Amino acid sequence: SDSERTFVMVKPDGVQRGLIGEIVSRFEDRGLKLVGGKFMQIDEELAHEHYGEHEGKPFFDGLVDFITSGPVFAMVWEGQDATRQVRRMMGETDPADSAPGTIRGDFGLDLGRNVIHGSDHADEGANEREIDLFFDDAELVDWDQIDAEWLYE
Ligand code: DAT
Ligand code: MG
């Protein structure tokens, strides 16, 4: 299928635990192309927009507190079927249900501290919406990956 961009973020627990490099490496090794990256702290307003679909749920306030509690590393990755492939590499929402070999299955234990966010591929357009929420167009870089001809038929 076609090349697309997806939004990915190392959450505050992943940053504090020193997992940025490990997580970036996994996507690089897979062959995905990094087109944007930003080390930042999410404020209350951005947290509410980003997690708007969960507003009113019992875990919402705790989720907002957590995601605003420290720096995150926000990224945009590009490649064939990138949104779905990133979600597969992340594992399930609950690390306890995530297979070893996935990011949440290797680095997480608890649902509320699951290390990474990635756009939901089942939610049509979530990738584009989240990229727009976190990045200006000028912060996304168009470049040619020299190994692309060996990654794609
Ligand atoms: P995902 O991050 O896999 O897309 P989601 O969009 O359903 O999962 O939920 C967003 C985050 O909210 C999730 O990463 C962890 C937290 N969360 C979800 N369901 C929860 C629950 N039942 N209790 C506590 N936290 C929850
Ligand atoms: Mg989600």
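Since this is a predicted model, take the numbers as computed values, not measurements.

Q: How should the sheet that holds strand 3 (residues 72-80) be read in this particular structure?
A: Each strand in a sheet pairs with another by means of backbone hydrogen bonds, the pair being arranged parallel or else antiparallel. Strand order in the open sheet made by the 4 strands is 2-3-1-4, with antiparallel pairing throughout. Every interior strand has two partners, whereas the edge strands, strand 2 (33-40) and strand 4 (116-118), have only one. Strand-to-strand twist in this sheet, taken as the mean axis angle between neighbours without regard to direction, amounts to 20 degrees. The sheet contact formed by strand 1 (residues 3-10) and strand 3 spans 8 bridges and is antiparallel. Looking across to strand 3, one finds that Glu4 is bridged to Gly79.

Q: Looking at this structure, I do not really get the site of ligand 1. What am I missing?
A: The immediate surroundings of ligand 1 are formed by His54, Phe59, Leu63, Thr93, Leu111, Gly112, Asn114, His117 and Asp120. Looking at the shell around ligand 1 residue by residue, the class counts come to 3 nonpolar, 5 polar and 1 charged.

Q: Help me understand the environment of Gly118, please; the structure alone is not making it clear to me.
A: Here Gly118 shows up in strand 4. Assessed through the 25 C-beta atoms surrounding it within 10 Å, Gly118 is described here as buried. It is 7.4 Å that separates the C-alpha atoms of Gly118 and Thr6, two residues lying 112 residues apart in sequence. If we ignore the near neighbours within four places in the chain, the residues touching Gly118 are Thr6, Val8, Val86, Arg87 and Met90.

Q: Would you take a moment to explain the UniProt feature "binding site: ATP" (unreviewed entry) in the protein for this structure?
A: Following the UniProt record, the feature "binding site: ATP" (unreviewed entry) maps to Lys11, Phe59, Arg87, Thr93, Arg104 and Asn114 here. Summarising the element assignment, Lys11 is placed in the loop between strand 1 and helix 1 (12-16). You can call Lys11 buried: it has 23 C-beta atoms within 10 Å. Not counting residues up to four positions away in its chain, the partners in contact with Lys11 are Ile67, Val72, Val115, Ile116 and His117. Structurally, Arg87 can be placed in helix 5 (residues 82-90). The contacts of Arg87, once residues within four sequence positions are left out, are Gly118 and His121.

Q: I tried to follow the UniProt feature "domain: Nucleoside diphosphate kinase-like" (unreviewed entry) in the protein on my own but got confused; where do I start?
A: In the UniProt entry, the feature "domain: Nucleoside diphosphate kinase-like" (unreviewed entry) is given for residues 3-142. The span residues 3-142 carries 39% helix and 20% strand; its end-to-end C-alpha distance comes to 13 Å.

Q: It is not clear to me how the nonpolar core should be interpreted in this structure. Could you clarify?
A: As a rule of thumb, soluble globular proteins bury nonpolar side chains together. One finds Val8, Met9, Val10, Met75, Trp77 and Ile116 to be the most contacted residues of the largest nonpolar core, which totals 25 residues. For this core, the secondary structure elements donating two or more residues are strand 1, helix 2 (20-30), strand 3, helix 5, helix 6 (103-107) and helix 7 (126-134). Per-element accounting of this core gives the leading share, 6 residues, to strand 3. Discounting residues that sit within four places of it in the chain, Val8 has contacts with Met75, Trp77, Val86, Ile116, His117 and Gly118.

So, how was this worked out
- Residues numbered from 1 in each chain as written.
- Chains lettered and ligands numbered in written order.
- Predicted model: local features only at pLDDT ≥ 70, side-chain atom pairs only at ≥ 80, totals over all residues.
- Pairing = 2+ DSSP bridges.
- Helix = DSSP H or I, 4+ residues; strand = E, 2+ residues; numbered from the N terminus.
- Axes fitted to C-alpha atoms, helices over the stretch in contact; angles between N-to-C directions.
- Near = placed C-beta within 6 Å.
- Nonpolar A, V, L, I, M, F, W, Y, C, P; charged D, E, K, R; others polar.
- Buried ≥ 20, exposed ≤ 12 C-beta atoms within 10 Å, placed from the backbone.
- Contact = placed C-beta atoms within 7 Å.
- UniProt positions renumbered as here; feature names shortened; annotations may be inferred.
- Core = buried A, V, L, I, M, F, W, Y, C linked by C-beta atoms within 7 Å.

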